[in-house]
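Residue strings, one per chain:
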Amino acid sequence: MASSVVRPLQPGIYAPIPTFFAPETEDLDLQAFSSHIIRLAKAGVRPLLSGSMGEAHHLSPAERVTLIKTARQALDEAGFTSIPIIAGTGAGSTRETVQLSVQAAQAGADYAIVICSGYFAGALAGNKKALKAFWTEVSEKSPIPIIIYNYPGASGGIDLDSDLITELAIESPNIAGVKLTCGNVGKLTRITATVSDPSFASLYPRKNPYAPFLVLGGFTDFILPSAFVEAHGAITGLANVAPYAIAKLYELSEKSKKDVTLLPEAQRLQGVVARADYTIAKASIAGTKFLLEKLYGYGGNPRKPLPPIEPDAGAALWEHPHTVELVRLERELSGKL
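These numbers were taken from a predicted model, which means no experiment stands behind them.

Counted according to the given criterion, the structure contains 6 aromatic pairs. Ring centres of Phe20 and Tyr298 lie 5.4 Å apart, and the angle between their planes is 80 degrees; on these two criteria the pair is classed as edge-to-face. You can see Phe20 sitting in the loop between strand E1 (12-16) and helix H1 (30-42) and its partner Tyr298 sitting in the loop between helix H13 (284-296) and helix H14 (311-319), a full 278 residues away along the chain. Since its relative accessible area comes to 10%, Tyr298 is described here as buried. Aromatic pair Tyr119 and Phe120: ring centres 5.0 Å apart, planes at 80 degrees, arrangement edge-to-face. In this structure an aromatic cluster arises from ring pairing among Phe20, Tyr296 and Tyr298.

To continue, consider the pairing of strand E6 (residues 175-180). Counting buried positions along E6 gives 6 out of 6 residues, so the element sits mostly inside the fold. Bridge analysis of strand E5 (residues 146-150) against E6 gives 4 bridges, and the strand direction is parallel. Within the sheet, the bridge partner assigned to Asn150 lies in E6 and is Leu180.

In this section: the packing of H13 against H14. Packing of H13 against H14 leaves a shortest axis separation of 10 Å and a crossing angle of 65 degrees. Relative to H14, H13 is oriented roughly perpendicular. Handedness of the H13/H14 crossing: right-handed. Across the interface between the two elements, Gly287, Phe290, Leu291, Lys294 and Leu295 of H13 pack against Gly314, Ala315, Leu317 and Trp318 of H14. Partitioning the contact of H13 with H14 into residue classes produces 6 nonpolar, 2 polar and 1 charged.

So, on to the environment of Gly297. Structurally, Gly297 is set in the loop between H13 and H14. As for Gly297 and Ser82, which are separated by 215 residues in sequence, their C-alpha atoms are 28 Å apart.

Those residues carrying the UniProt feature "binding site: pyruvate" (unreviewed entry) are Ile235 in this numbering. By the element assignment, Ile235 lies in strand E8 (residues 233-235). With a relative accessible area of 0%, Ile235 lands in the buried category. Not counting residues up to four positions away in its chain, the partners in contact with Ile235 are Tyr14, Pro16, Leu48, Ile113, Lys179, Leu216, Gly217, Gly218 and Phe219.

It is worth spelling out the UniProt feature "active site" (unreviewed entry) in the protein at this point. The sites that UniProt annotates as "active site" (unreviewed entry) are Tyr149 and Lys179. Of the residues just listed, which span 31 residues, no C-alpha pair is farther apart than 5.0 Å, and they cluster in one region. Owing to a relative accessible area of 7%, Tyr149 belongs among the buried residues under this scheme. Those residues within four positions of Tyr149 in sequence are excluded, and the remaining contacts are Ser52, Ile113, Val114, Ile115, Trp135, Lys179 and Thr181. Among the polar contacts listed, one links the side chain of Tyr149 to the side chain of Ser52, at a separation of 2.7 Å.

Bringing the pattern of salt bridges into the picture now. Opposite charge on two side chains makes pairing possible when the charged atoms of those side chains draw close. Enumeration according to the criterion identifies 16 salt bridges in this entry. With a shortest N-O distance of 2.6 Å, Arg303 and Glu63 are connected by a salt bridge. Here Arg303, found in the loop between H13 and H14, pairs with Glu63, found in helix H2 (residues 61-77); they are 240 residues apart in sequence, far enough to count as distant. Between Glu137 and Lys141 there is a salt bridge, with its nearest N and O atoms 2.7 Å apart. In this pair, Glu137 and Lys141 both sit in helix H5 (residues 128-141), 4 residues apart, roughly one turn of the helix. Judged by relative accessible area, which is 31%, Glu137 ranks as partly exposed. By relative accessible area, which is 48% here, Lys141 ends up partly exposed. In the salt-bridge network here, residues are joined through shared partners; they are Arg7, Arg72, Asp76 and Asp110.

About the thresholds
Residues numbered from 1 in each chain as written. Predicted model: local features only at pLDDT ≥ 70, side-chain atom pairs only at ≥ 80, totals over all residues. Heavy atoms only, no water. Phe/Tyr/Trp six-rings, centres within 6.5 Å; stacked < 30°, edge-to-face > 60°. Helix = DSSP H or I, 4+ residues; strand = E, 2+ residues; numbered from the N terminus. Buried < 20%, exposed > 50% of the residue type's maximum accessible area, 1.4 Å probe, protein only. Pairing = 2+ DSSP bridges. Axes fitted to C-alpha atoms, helices over the stretch in contact; angles between N-to-C directions. Parallel < 35°, antiparallel > 145°, perpendicular 65-115°, else oblique. Left-handed = near helix turned anticlockwise from the far one by under 90°. Contact = heavy atoms within 4.5 Å. Nonpolar A, V, L, I, M, F, W, Y, C, P; charged D, E, K, R; others polar. UniProt positions renumbered as here; feature names shortened; annotations may be inferred. Polar contact = N/O pair within 3.5 Å; in protein donor to acceptor, adjacent residues only side chain to side chain. Salt bridge = Lys/Arg side-chain N within 4 Å of Asp/Glu carboxyl O.

Laid out in structure tokens, this is it:
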């Protein structure tokens, strides 16, 4: 059942949590999943379930529900009752997306993040009216606020422009933000110019007052510049590998807007993180899981047909100077040197 606890959607760092699987059966490994969520929560990183990194495409509706319930129980038992859960509910049709959003809310998710399927991208990519109608209808029928997920690489090249996203922000009060995994900093800047203006909240109030419209990057290589145009953080796979480092970068980026003496250190961290993000992101889900296995003793392989990282490629990733630099920083900030 959905909780009555209010868990505000706040600026900051969110991690798309990998879904871990048992080696032989590919059943959900809920113990590793719970442990990982708590590890990140202790670093100040909030969870997003059943996203691209979570292999949502490989999960059944029942498994998505199980992950939400498991995450909520783990967070509550560890004392993180105020941390919200964002759940991916994108599906092939508008109808199923709405159904998954309802199920997510009933299971305990506080917010949903929605991508448009790329299966019919040939008909949808250039059809602004159809794309706008998709997110409008889902937001109107979802019992929880939704976040737009703009990821051309996972949706057949569908790439929403800043005008469309801004229109949705203005016209759909149950839309609570956008994740820009297109990596377009100019687009981010144009959207924040509208939604981060002090007048926006009063002119276009949200259906849920605890869910303001957040503009979140999909990578960590532009957290610092994002802060200076009043964006709101990031949802990033790299936060699985180095949660303390990414959280510290966000914290310093925000503080340096008022205290310029902090800017050099923020720039240094941004450089370390950006180099690592560029290197590790290319290794995708399999590479991230490989690094988690090396660092924390769990990770495993993706569900087939997605292949594991090749041993030589995994070794090269682990030994890459950018990875080594990030791991050193993470250990320093987490007190594990």
